[in-house]
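Analysis of the macromolecular model
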Amino acid sequence: MLQFDEKADRVVPPTGFTARLTVFSAFAMAFLAVFALALSSAAGRVADRWGDELAQSSTLRISAPAGEAATQTEAALRVLRTTPGIEEARALSLDQQRALLSPWFGATLPVEDLPLPQLIDITESDEGYDAAGLRLRLSAEAPAAVLDDHARWRRPLIDAAARLRLLGWASTLLIALATAAMVTLAANAALAANAQVIAVLRLVGAKDTYIASAFVRRFALRALTGAAFGTFFGIASLFLIPAQDDATGFLTDLRLQGWGWVWVMLIPPLSGLVAFIATQYAARRVLGELA
């Protein structure tokens, strides 16, 4: 393990290009890491919200001629209200159906002129209900009723959100690897550019660990500084995204909550750690070649 000496990095002349490259790389990668973590956090919230909302709700759709729709709706409501596991069943009014369709067709949609089915919103209890048995009862009392328990919608949506969360973490890992690669290249360039200085230091008795510590300390601090600024500007950019009151908003819900803030605050020190390991590896390899 290298021992840091604050005076050690003064013996090696600073290299302007590698300094700028390291700081910029750390800045850019930290900026992208903030958005990757925000995407992962937002995907996790969406998965939880969709799972909770769809798990205890169902929809009954009644498609019948105008003269029979009201009769079958009342029959279906009687069946639903006497079914164990159902807390509430309510038929949606025209205004409520218009509100459901307004995001796609606008608020002025003439719902009353369209042959829309009657929708009944069902709220389940924690125990749930027997969907197969309910369908049998409905087929006898309200033949035009079609029960949708959201099972075919819930699983794909939750899976998609979970994969987006995994994608966010995979992106963060790739960003860390890219940072390590860029720092390694910059450290290699700095060590090669100071080959003559390293040779002189060895002649006066400096050990390789002392020489390497100068480069490790310098690049770790550069990466830490660049990542700190990148994290700050990344967080500031998240606040520039317009907020949406609708709970179903996804891309407008890229805000950090709970553990998301902890992970984002860890970006600068982790960037410094990645730079420390990468520079240490590069220093050992290049000093071995110069021996």
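Conventions adopted
- Every chain is numbered on its own, with residues counted from 1 as its sequence reads.
- Totals for whole chains, interfaces and linings use all residues, but because this is a predicted model, local features are given only for residues with pLDDT of at least 70 and pairs of side-chain atoms are given and counted only at 80 or more.
- Derived side-chain values reflect all non-hydrogen atoms in the structure, with water molecules and hydrogen atoms excluded from consideration.
- Counting from the N terminus, the helices are DSSP H or I runs at least four residues long and the strands are E runs at least two residues long.
- Partly exposed describes any residue whose relative accessible area lies between the buried limit of under 20% and the exposed limit of over 50%, with all areas from a 1.4 Å probe on protein chains only and scaled to the type maximum.
- Contacts are assigned to residue pairs with any non-hydrogen atoms lying within 4.5 Å of each other.
- Two distance rules govern patches: like charges are joined within 9 Å, and nonpolar side chains (Val, Leu, Ile, Met, Phe, Trp, Tyr) within 5 Å, applied only to residues with over 30% relative accessible area and no salt bridge.
- Shrake-Rupley sampling with a 1.4 Å probe provides the accessible areas, and residues are treated as covered by the protein chains on show and by no other component.
- The term salt bridge refers to a side-chain nitrogen of Lys or Arg lying within 4 Å of a carboxyl oxygen of Asp or Glu.
- Lys and Arg are tallied as positive, Asp and Glu as negative. Neither His nor the chain termini are counted.
- In this description, the location of a charge corresponds to atom NZ of lysine, CZ of arginine, CG of aspartate or CD of glutamate.

1. A look at the overall build of the protein chain
- Of the regular secondary structure elements, the protein chain holds nine helices and four strands.
- Along the protein chain, from the amino end to the carboxyl end, the secondary structure elements read α-β-α-β-α-β-α-β-α-α-α-α-α.
- When burial is assessed residue by residue, the protein chain has 40% of its 291 residues classed as buried.
- Sequence-distant contacts in the protein chain: of pairs separated by 6 or more residues, those separated by 24 or more amount to 85%.

2. Side note on a nonpolar patch on the surface
- Residues Trp169, Trp259, Val262, Trp263, Leu266, Leu270, Leu273 and Ile277 make up a contiguous nonpolar surface patch of about 800 Å² in total accessible area.
- Among the elements of the structure, helix H8 (259-265) and helix H9 (267-290) are those that each provide at least two residues to the nonpolar patch.
- Checked against the element boundaries, Trp259 lands in helix H8.
- On the basis of relative accessibility, which here comes to 64%, the residue Trp259 falls in the exposed class.

3. Overview of a negative patch on the surface
- On the surface, Glu87, Glu88, Asp126 and Glu127 cluster together into a negatively charged patch.
- Residue position: Asp126 is located in the loop between strand E3 (118-124) and helix H4 (131-141).
- Owing to a relative accessible area of 68%, Asp126 belongs among the exposed residues under this scheme.

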